[in-house]
Amino acid sequence: MALAEVICNPMSVWICSAYKLGGWPLSFYTYSAFGSVTAILWTFIIYETPDEDPYISSNEVEYLKSFDTTVGEKNKKISVPWLSILKSSAVWTVVIAFTSNVFGFFFIITEAPIFISEVLKFDVKTIGWLMSILGIVECLFALLSGVCADFIVRRELLTILPTRKLIAICSMGLSAFLLICIGFFQDSAILCLITLILAFGLLGCYNTCFMANVLDITKHYSSVIVGIMTCLASSTGFIGPSLFAALLKKKNTNDQWYLMFKIIAGIQLFGLLIFLLFAKAEEQFHSIEENISKQEMKSYESIKDTE
């Protein structure tokens, strides 16, 4: 996604500036065409199981199966423990933290061009390249956070959960701090811009803390939980701009912008606090097979005791 930001932002500026080719409507046709091609490629080159994929070797298939015995089992029905998932504090912790992160992400990605244009006074073409820099920095922080987390765990400097919390502090905590600092750099457009870019880039560490934490608490139902997370987090895509529009009230002053940055920082700090207090890294939901095995073992032990 970050790579798409890097490519599409300057390309959109170029397309919108190409009046002989139709201008801004062409950007919608272009990305629609890319989406259609991607859907076609996905249909023909993605397979249901590793065993069916002709593009990977038998060694790769065995490697995948070594992590999960269900890999390669086709049409296997899995009963989802919906009630247990919805009642789990570990699930709602990661959902709230992720939603807080995405709130800041969507706000910056949608409103930053307006702030850079109207407050920092950069022209439209420059804004396209600046938004690409946002994506590049996000990619770098995402990769760096993964490498750092892996190094910390492999060297046994911290266990899994403290590592997740440390990355969350570096991501949302530092990002919130930088958003607050923007208000103190009003006299320098360059400092405001650098601070905004770093604040956005740090949010890219979410994969290492929040997304990875989903796999910590369950490997069997992680896709279900991620679906809940993304569904709720996506709502911030229209809540944030609506809040921003209500705050500005057609006045669009610098102080209102800086107040909005503080509100976003507060939301991020709230999500971070919830994650630090209630996050877990232990398996929360066991598969049906594991539960049956445990019940059979208990039955066997009870029978053995009676004998």
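The numbers attached to residues start from 1 for each chain and follow its sequence in the written order. For this predicted model, a pLDDT threshold of at least 70 governs which residues receive local features, and a threshold of 80 or more governs which side-chain atom pairs are given and counted, while totals over whole chains, interfaces and linings are taken from all residues. The basis for every side-chain value is the complete set of non-hydrogen atoms in the structure, without hydrogens or water.

1. Here we look at the overall build of the protein
(1) Moving on: Starting at the N terminus, helices and strands are each numbered in turn, a helix being any DSSP run of H or I of at least four residues and a strand any DSSP run of E of at least two. For the protein, the count of helices and strands is 13 helices and zero strands.
(2) Moving on: Of the regular secondary structure in the protein, the N- to C-terminal order runs α-α-α-α-α-α-α-α-α-α-α-α-α.
(3) Moving on: Think of it in three bands: residues with accessible area under 20% of the maximum for their type are buried, residues over 50% are exposed, and the middle band is partly exposed, with areas taken using a 1.4 Å probe on protein chains only. When the 307 residues of the protein are sorted by exposure, 38% land in the buried category.
(4) Moving on: Note on contacts: a residue pair is in contact if any heavy atoms of the two residues lie within 4.5 Å. Here the analysis covers contacts within the protein between residues at least 6 apart in sequence; of these, 74% occur between residues at least 24 apart.

2. Comments concerning the nonpolar core
(1) Moving on: To form a nonpolar core, buried Ala, Val, Leu, Ile, Met, Phe, Trp, Tyr and Cys residues must be joined to one another through side-chain atoms within 4.5 Å. Counting residues in hydrophobic clusters, the biggest one holds 34 residues, and the most contacted among them are Ile-108, Phe-115, Ile-116, Leu-179, Ile-182, Leu-196 and Phe-261.
(2) Moving on: Dropping the residues within four chain positions of it, Phe-115 is found in contact with Leu-120, Ile-182, Leu-196, Trp-257, Tyr-258 and Phe-261.
(3) Moving on: Counting 30 residues, the second largest nonpolar core, distinct from the first, contains Val-95, Ala-97, Ile-167 and Ile-217.

3. Brief notes about helix 7 (residues 160–181)
(1) Moving on: Each residue after the first adds 1.5 Å to the expected span of a helix. Its 22 residues give helix 7 an end-to-end C-alpha distance of 31 Å, which sits within 8% of 32 Å, the value for a rise of 1.5 Å per residue.
(2) Moving on: Across the chain, bend at a residue is computed as the angle between axes fitted to the seven residues ending at that point and the seven starting from it. At Ile-169, helix 7 is deflected by roughly 25 degrees, the largest bend along its length.

4. Here's the deal with the environment of Val-102
(1) Moving on: Mapped onto the elements of the fold, Val-102 is located in helix 5 (residues 89–118).
(2) Moving on: Residues Val-102 and Ala-233, 131 residues apart in the sequence, show an inter-C-alpha distance of 6.1 Å.

5. Comments concerning the pattern of salt bridges
(1) Moving on: Salt bridges are counted wherever a side-chain nitrogen of Lys or Arg sits within 4 Å of a carboxyl oxygen of Asp or Glu. Using the criterion set out here, one finds two salt bridges in the structure.
(2) Moving on: Asp-150 serves as the salt-bridge partner of Arg-154, at 2.9 Å between the closest nitrogen and oxygen. Of this pair, Arg-154 and Asp-150 both sit in helix 6 (residues 124–154), four residues apart, roughly one helical turn.
(3) Moving on: Judged by relative accessible area, Arg-154 falls into the exposed class, the value being 65%.

6. Some remarks on the packing of helix 5 against helix 10 (residues 222–234)
(1) Moving on: Two numbers describe how helix 5 lies on helix 10: the axes approach to 9 Å, and their chain directions differ by 40 degrees. Put simply, helix 5 runs oblique to helix 10. Considering only the axes of helix 5 and helix 10, their crossing is right-handed. Here Val-91, Trp-92, Val-94, Val-95, Phe-98, Thr-99, Val-102 and Phe-106 of helix 5 lie close against helix 10, whose contacting residues are Ile-225, Ile-228, Met-229, Thr-230, Leu-232, Ala-233 and Ser-234.
(2) Moving on: Of the residues that constitute the contact of helix 5 with helix 10, the class distribution is twelve nonpolar, three polar and no charged. In this description, a line fitted to the C-alpha atoms serves as the axis of each element, helices being fitted only across the stretch in contact, and the angle between N-to-C directions of two axes falls anywhere from 0 to 180 degrees. We call two directions roughly parallel when the angle between them is under 35 degrees, roughly antiparallel when it is over 145, roughly perpendicular when it lies between 65 and 115, and oblique otherwise. A crossing counts as left-handed when the near helix is turned anticlockwise from the far one by less than a right angle, and as right-handed when that turn is clockwise. Put simply, Ala, Val, Leu, Ile, Met, Phe, Trp, Tyr, Cys and Pro go in the nonpolar bin, Asp, Glu, Lys and Arg in the charged bin, and everything else, Gly too, in the polar bin.

7. Focus on the environment of Thr-230
(1) Moving on: Mapped onto the elements of the fold, Thr-230 is located in helix 10.
(2) Moving on: Take Thr-230: its relative accessible area is 31%, and that puts it in the partly exposed class.
(3) Moving on: In this structure, the C-alpha to C-alpha distance between Thr-230 and Val-95, residues 135 residues apart in sequence, is 8.5 Å.

8. Details of the packing of aromatic side chains
(1) Moving on: A pair of Phe, Tyr and Trp rings is counted when the ring centres sit within 6.5 Å of each other, with Trp represented by its six-membered ring. The angle between the planes then sorts it: under 30 degrees is stacked, over 60 is edge-to-face, the rest tilted. Tallied over the entire structure, the rule returns ten aromatic pairs.
(2) Moving on: For the pair Phe-107 and Phe-261, a centre-to-centre distance of 5.8 Å together with 85 degrees between the ring planes defines the contact as edge-to-face. Pair noted here: Phe-107 is in helix 5 and Phe-261 is in helix 12 (residues 254–278), with a separation of 154 residues, a long-range link.
(3) Moving on: Residue Phe-107 is classed as buried on the basis of its relative accessible area, which comes to 3%.
(4) Moving on: Taking relative accessible area as the criterion, Phe-261 reaches 2% and is therefore assigned buried.
(5) Moving on: Residues Phe-115 and Tyr-258 carry aromatic rings whose centres are separated by 6.3 Å and whose planes lie at 80 degrees to one another, so their mutual orientation is edge-to-face. With Phe-115 in helix 5 and Tyr-258 in helix 12, the pair connects residues that are 143 residues apart, well separated along the chain.

9. Details of the confidence of the model for the protein
(1) Moving on: What pLDDT reports is the predictor's confidence in each residue, on a scale of 0 through 100. Considering every residue of the protein, the mean pLDDT works out to 82; 84% of them sit at 70 or more.
(2) Moving on: The model gives residues 291–301 a pLDDT under 50, and that stretch makes two contacts with residues more than four places away or in other chains.

10. Looking at the side chain of Gln-268
(1) Moving on: Considering the arrangement of structural elements, one finds Gln-268 in helix 12.
(2) Moving on: Taking relative accessible area as the criterion, Gln-268 reaches 0% and is therefore assigned buried.
(3) Moving on: Ignoring any residue separated from it by four or fewer positions in sequence, one finds Gln-268 in contact with Ser-100, Gly-104, Met-172, Ser-175, Ala-176, Leu-179 and Leu-203.

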